[in-house]
Amino acid sequence: MRKFVLKSSLFLIFLVVALEIFVRVLHLYTEDPPRMIDDLLVEKRVPGHTGYAVTGNRRMNFSEFRINANGFNSHRDYKPSSTELEIALVGDSFIEGFHADYTNSLGVKLENFFNNSTEVYEYGYAGYDLANQYHLIEAYKADFDKIDFVVVYLDFATDLHRSSYAPNHGRIDLLASPLFKIRDNVKLLAYISKIGVLDKVQGFVSSVLGRNQAPVNTKEELDNEQVLEYIENFKKLSEDFNIDYTKTFLLLDSRKTSDLFLKYCAKENIPIIDFGAVFEKEQTPTDLVYDQHWNDYGRSVISQLIGEQIKARMSD
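Residues numbered from 1 in each chain as written. Predicted model: local features only at pLDDT ≥ 70, side-chain atom pairs only at ≥ 80, totals over all residues. Heavy atoms only, no water.

1. Brief notes about the layout of surface pockets
Empty space within the second largest pocket amounts to approximately 210 Å³. Along the walls of the second largest pocket sit Ile137, Glu138, Lys141, Phe144, Asp145, Val150, Phe241, Asn242, Ile243, Asp244, Lys247 and Thr248, which together make up its complete lining. When contributions to the lining of the second largest pocket are tallied by element, the ones reaching two or more residues are helix 4 (130-139) and helix 5 (141-144). (1 Å grid on protein atoms, 1.4 Å probe; cavity = no way out; pocket = protein on both sides within 12 Å on 5 of 7 lines; lining within 4 Å. Points joined across faces, edges and corners; volume = space filled by probe spheres on them. Helix = DSSP H or I, 4+ residues; strand = E, 2+ residues; numbered from the N terminus.)

Written out as structure tokens, the structure reads:
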């Protein structure tokens, strides 16, 4: 019996080591650059990290990221001026863009739309809601006062659960804990975590982080009370952070946005860039097959929509 246990243990150790080598050699694991909260209470990535993000259990998507000096994924550092045309994109993982090489991001496509006559600054971070985004704009007010146009990505059903901002120190502390350091250093753990083997553990962690609310994907799933609450949260955030809607656009999908909210924005002259109406008509897929994030074609369509709206505003 003792020999059997010893042989089984040795075999298990050999198997784990072999799988670890296999995952590393094929780079099946994704890298998650470390996070931080800066002196202005903005949650972002630690500057200076580069690496590769992987999606899917067979490396379905393999893309390179670069965390710039400002703490965001971009091919450039941000140095806004008062004389050049500059555009800021603010949002969650859709703007962070880990599903594409940083050299082919939404911001790069938008710069190409303007024939590189503008600089686009991508303030994207997975997990942002509107409170995070509007706080960022206020915290970096000196920069945003110089930036000519701001495009804020809004998912109505998930981004308006709160009416004020508070930094999530608990998330940062947990991600810096020994448990997560082990996961990040043992690539086999990172891989099996990514493909869902540890979903129950991750569900518990999400509840600790306060991120355990089920996603809502259609406007029909929201009741009237929720819609009115979200609109009030939007109003308060807009007022508290003094958002300038003469130069700030909301980028959203009208298929997933309350009609009441859309009517409110129209009444208040809050400009909207609706990619949902365009995506609805597209015959070519705009999302990744295995993921809801935009694919290369989807980013091209959205960059053109943003560019056209900004050009129209500039000609007014």
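2. Topic: the side chain of Asp129
For Asp129, the location among the structural elements is in the loop between strand 6 (119-124) and helix 4. A distance of 3.0 Å separates a polar atom in the side chain of Asp129 from the backbone nitrogen of Asn132. One polar contact links Asp129 to Arg162, side chain to side chain, over a distance of 2.7 Å. Here Asp129 is in contact with Asp159 and Arg162, once residues within four sequence places are set aside. (Polar contact = N/O pair within 3.5 Å; in protein donor to acceptor, adjacent residues only side chain to side chain. Contact = heavy atoms within 4.5 Å.)

3. As for the pairing of strand 7 (residues 149-153)
Burial runs high along strand 7: five of the five residues are buried. Alternating positions in strand 7 separate into two faces, Phe149, Val151 and Tyr153 on one and Val150 and Val152 on the other, with burial throughout. As paired strands, strand 5 (residues 86-91) and strand 7 are joined by four bridges and run parallel to one another. In the strand pairing of strand 7, Ile87 is matched with Phe149. Strand direction decides the pairing type here: strand 7 and strand 8 (residues 248-252), joined by four bridges, are parallel. Its bridge partner being in strand 8, Val152 is matched across the sheet by Leu250. (Buried < 20%, exposed > 50% of the residue type's maximum accessible area, 1.4 Å probe, protein only. Pairing = 2+ DSSP bridges.)

4. Quick notes on the confidence of the model for the protein
Detailed reading of the predicted coordinates is not advisable wherever pLDDT is low. Averaged over every residue, the pLDDT of the protein is 86; the share at 70 or more is 79%. In the predicted structure, residues 208-217 sits below a pLDDT of 50 and forms 16 contacts with residues beyond four places in sequence or in another chain. (pLDDT = per-residue confidence, 0-100.)

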